[in-house]
Amino acid sequence: MSWSYATHYKCDDCKIELSMGNRAVTTCPDCGGLLEVQYNFEELKKKSTPSDFKNRDRSIWRWHEFLPLKSKENIVSMGEGDTPLLPSIYIGGKLGLEKLYFKNDTLMPTGSFKDRGFSLAISYAKEIGITEGMTYSSGNAGMSFSAYAQRANMKTLTLVEYLANPLKQSLITLSGGKTAILHYKSMNEITQLLEEASRELNIYQFVNFINPIRHEAMKTYAYEISEALGWESPDYMIHPVGTGGGLWGAWKGFKELYELQWISKLPKMVAVQPSATGPHVKAFNQGKKVAVRVGDPTKTIAQSISADAPIQDGKRVLNALYESNGYAEEVTDEEIIGAMKDLGREGIVADPASAASVAGLKRLVQRGLIDSKSTIVCVITGGGLKQPKLIESLGNEDHVHINPDLSELSKLIKGL
Ligand SMILES: [Zn+2]
């Protein structure tokens, strides 16, 4: 039995196959397309069953056979993954849904789902001898990148969006990485800069999709959720989408489990973005295969998913939506705030981007697209405490003030 069943890379565009070796390759050296890790599932199927994974130590590394790291000696881990799949106690009832769950990745080591990807990407980079790296971030990814890289003794530069709030910017520096605040007019300028850096500068990049390893870790959503549901997929997986690494990775993971015949059906994938931008959603709803720049990223509170232009035309995310017969929804800030308050009633302090998944679900229900008996998972990708001013503004309106007086307290208790 192999520790990893990864075999090689394949280019999305020119379909060339490349050995993984110990090379610091990012995009396709021939055509610049995105590279995808391939695996030998025929062998894995002969040698593994779902029960093999059950009693291992809890983290994404339970699923090492499905990931491209070659040796466990190179694992850089802080206990990421295996977050709870929480059944809804409030929103499901409100929307008339019997089986609604939240995959609560606010409980990750640095407070967001990015830790899945960086545990894998930094471990892999360590394995191939990388000592310096760079990424671009809207905030959460930069903190995760810096924290994991420190543990691998790697020097890092994070270009963080000027739109990221000062707390997120500070958290990256606090986690030990070098930070530069990036000023730009459109995400297009950033993708162009990153592509030029790939060609001209000798620096390994960790940006989703451009780095061919990082988003492979998002497959663990599919493994963890299918296992928690008794080795069955949900009917709907609802993701907030920035670059779309989470949605794309989860879809790949479900397809792998289906190929192995460990699950009997595939979910419909749903992408949710803010209506102020939403390039993938707008392209999908027009039936297009590529997404283009649209909208203004400064006009939404969902800053983690506010990008106005997709990486490499958004083709991977759009493919996942079309292949899965899924949906795409755009939501307003008002709907996002409503969803943040509803998630509070579930015990989850979500950031606006994560709450967008719930706001998107409400839209699907309003459109009559979801059966009440469907199994639905909303992915809660990050905690709200990194946008403290917004969270403060949501809670303060309901506060009352009292003196240390029993009768005042008694009135409050009677009013519960
Ligand atoms: Zn190629």
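Look up a bit, the structure's there.
This report concerns the structure included in the present document. Predicted model, so just to flag it, every value in this text is computed and none were measured.

For the protein, the count of helices and strands is 14 helices and 13 strands. A compact globule built from 416 residues should have a C-alpha radius of gyration of about 22 Å, and the protein, at 21 Å, falls within 12% of that. For the protein, the spread of C-alpha atoms along the three principal axes comes to 75 × 45 × 45 Å. A total of 416 residues make up the protein; the buried ones form 57% of that total. Across the protein, every contact between residues at least 6 apart in sequence was considered, and the portion connecting residues at least 24 apart equals 71%.

What follows covers the pairing of strand 13 (residues 375-380). Regular strands place side chains that alternate from one sheet face to the opposite one. In terms of residue burial, strand 13 counts as a mostly covered element, since 6 of its 6 residues are buried. What you see with strand 13 is no split at all: Thr375, Val377 and Val379 on one side and Ile376, Cys378 and Ile380 on the other are buried throughout. Bridge analysis of strand 10 (residues 236-240) against strand 13 gives 3 bridges, and the strand direction is parallel. Paired with methionine 237 across the two strands is valine 377, which belongs to strand 13.

Either a parallel or an antiparallel arrangement is found when strands of a sheet pair, and the pairing is made through backbone hydrogen bonds. Strand order in this open sheet of 4 strands is 8-7-6-9, and the pairing throughout is parallel. Edge positions in the sheet fall to strand 8 (178-182) and strand 9 (204-205), since each of these pairs with one other strand and no more. In this sheet, strand 9 lies alongside strand 6 (residues 132-137) in parallel orientation, the contact comprising 2 bridges. Bridge assignment links glycine 133 to a residue of strand 9, and that residue is tyrosine 204.

Attention shifts here to the packing of aromatic side chains. Under the definition given, this model contains 16 aromatic pairs. Of the aromatic side chains, those joined through ring pairs into one cluster are Tyr39, Phe41, Phe53, Trp63, Phe66, Tyr223, Trp231 and Trp262. A cation over a ring is seen here: arginine 316 above tryptophan 248, with NZ or CZ 4.4 Å from the ring centre.

Note on placement: serine 357 falls in helix 12 (residues 352-366). Look at serine 357 and you get buried, because its relative accessible area is 0%. Excluding its chain neighbours within four sequence positions, the residues that come into contact with serine 357 are Ile238, Pro240, Val272, Cys378, Val379 and Ile380.

Glancing now at a nonpolar patch on the surface. Side chains of Val400, Ile402, Leu406, Leu409, Leu412, Ile413 and Leu416 sit close together on the surface and give an oily, nonpolar patch of about 750 Å² of accessible area. As for its placement among the helices and strands, valine 400 is situated in the loop between helix 13 (388-395) and helix 14 (406-414).

Ranked by size, the top nonpolar core spans 87 residues in total, and within it Tyr9, Phe66, Ile122 and Phe206 carry the most contacts. For phenylalanine 66, the residues in contact, after removing those within four places along its chain, are Tyr39, Phe41, Leu44, Phe53, Lys219, Tyr223, Glu256, Leu257, Leu260 and Trp262.

Below, the discussion takes up helix 8 (residues 245-259). Between the first and last C-alpha of helix 8 there are 21 Å, a value that for 15 residues agrees with the 21 Å anticipated at 1.5 Å per step. Across the 15 residues that make up helix 8, a large majority, 12, are buried. Those residues of helix 8 that fall on the buried side of the exposure criterion are Gly245, Gly246, Leu247, Trp248, Gly249, Ala250, Trp251, Lys252, Gly253, Phe254, Glu256 and Leu257. Structurally, helix 8 contributes buried residues whose contacts are with strand 3 (35-39), helix 1 (41-47), helix 7 (220-228), strand 10, strand 11 (268-274) and helix 10 (315-323). Phi turns positive, to about 60°, at glutamine 261, one or two residues after helix 8.

We now examine the coordination of the zinc ion. Of the protein atoms, only Cys11 (SG), Cys14 (SG), Cys28 (SG) and Cys31 (SG) coordinate the zinc ion, at distances of 2.3 Å. For the zinc ion, the 4 donor atoms are set out with angles of 99 to 114° between them, so the coordination reads as tetrahedral. On the basis of relative accessibility, which here comes to 37%, the residue cysteine 14 falls in the partly exposed class. Accessibility expressed as a relative area gives 4% for cysteine 28, which makes it buried.

Right, let's talk about the sheet that holds strand 13 for a bit. Read across the open sheet, the 6 strands follow the order 4-5-13-10-11-12; overall the sheet is mixed. Looking at strand neighbours, the two that pair on one side only are strand 4 (85-87) and strand 12 (327-331), the edges of this open sheet. Along the sheet, successive strands turn relative to each other by an average axial angle of 25°, direction set aside. Relative to strand 11, strand 10 runs parallel, the two sharing 5 bridges. Across the sheet, residue methionine 237 finds its bridge partner in strand 11, namely methionine 269. Together, strand 11 and strand 12 form the strand contacts of helix 10, whose direction differs from that of strand 11 by roughly 135°.

So, about the pattern of salt bridges. Taken as a whole and judged by the stated rule, the model has 25 salt bridges. Among the salt bridges present, the one from glutamate 227 reaches arginine 62, with a minimum N-O distance of 2.9 Å. Of this pair, glutamate 227 sits in helix 7 while arginine 62 sits in the loop between helix 1 and strand 4, and the two are 165 residues apart along the sequence. Both residues of the pair, glutamate 227 and arginine 62, belong to the buried class.

Running from amino to carboxyl end, helix 11 (residues 333-345) crosses helix 13 at an angle of 75°, the nearest separation of the two axes being 11 Å. Relative to helix 13, the element helix 11 lies roughly perpendicular. Together, Ile337, Met340 and Lys341 of helix 11 and Leu390, Ile391 and Leu394 of helix 13 make up the contact between the two elements. Residues belonging to the contact of helix 11 with helix 13 are distributed by class as follows: 5 nonpolar, no polar and 1 charged.

Parameters at a glance
Residues numbered from 1 in each chain as written. Predicted model: local features only at pLDDT ≥ 70, side-chain atom pairs only at ≥ 80, totals over all residues. Heavy atoms only, no water. Helix = DSSP H or I, 4+ residues; strand = E, 2+ residues; numbered from the N terminus. Rg over C-alpha atoms; globule rule 2.2 N^0.38 Å. Buried < 20%, exposed > 50% of the residue type's maximum accessible area, 1.4 Å probe, protein only. Contact = heavy atoms within 4.5 Å. Pairing = 2+ DSSP bridges. Phe/Tyr/Trp six-rings, centres within 6.5 Å; stacked < 30°, edge-to-face > 60°. Lys NZ or Arg CZ within 6 Å of the ring centre and 35° of its normal. Patch = residues over 30% accessible without salt bridge, like charges linked within 9 Å, V, L, I, M, F, W, Y side chains within 5 Å. Areas by Shrake-Rupley, 256 points an atom, 1.4 Å probe, with all protein chains shown as cover. Salt bridge = Lys/Arg side-chain N within 4 Å of Asp/Glu carboxyl O. Core = buried A, V, L, I, M, F, W, Y, C linked by side-chain atoms within 4.5 Å. Expected span 1.5 Å × (residues − 1). Donors = N, O, S within 2.8 Å, 3.2 Å for Na, K, Ca; no water. Tetrahedral: all angles 85-135°; square planar, octahedral: opposite > 155°, others 65-115°. Axes fitted to C-alpha atoms, helices over the stretch in contact; angles between N-to-C directions. Parallel < 35°, antiparallel > 145°, perpendicular 65-115°, else oblique. Nonpolar A, V, L, I, M, F, W, Y, C, P; charged D, E, K, R; others polar.

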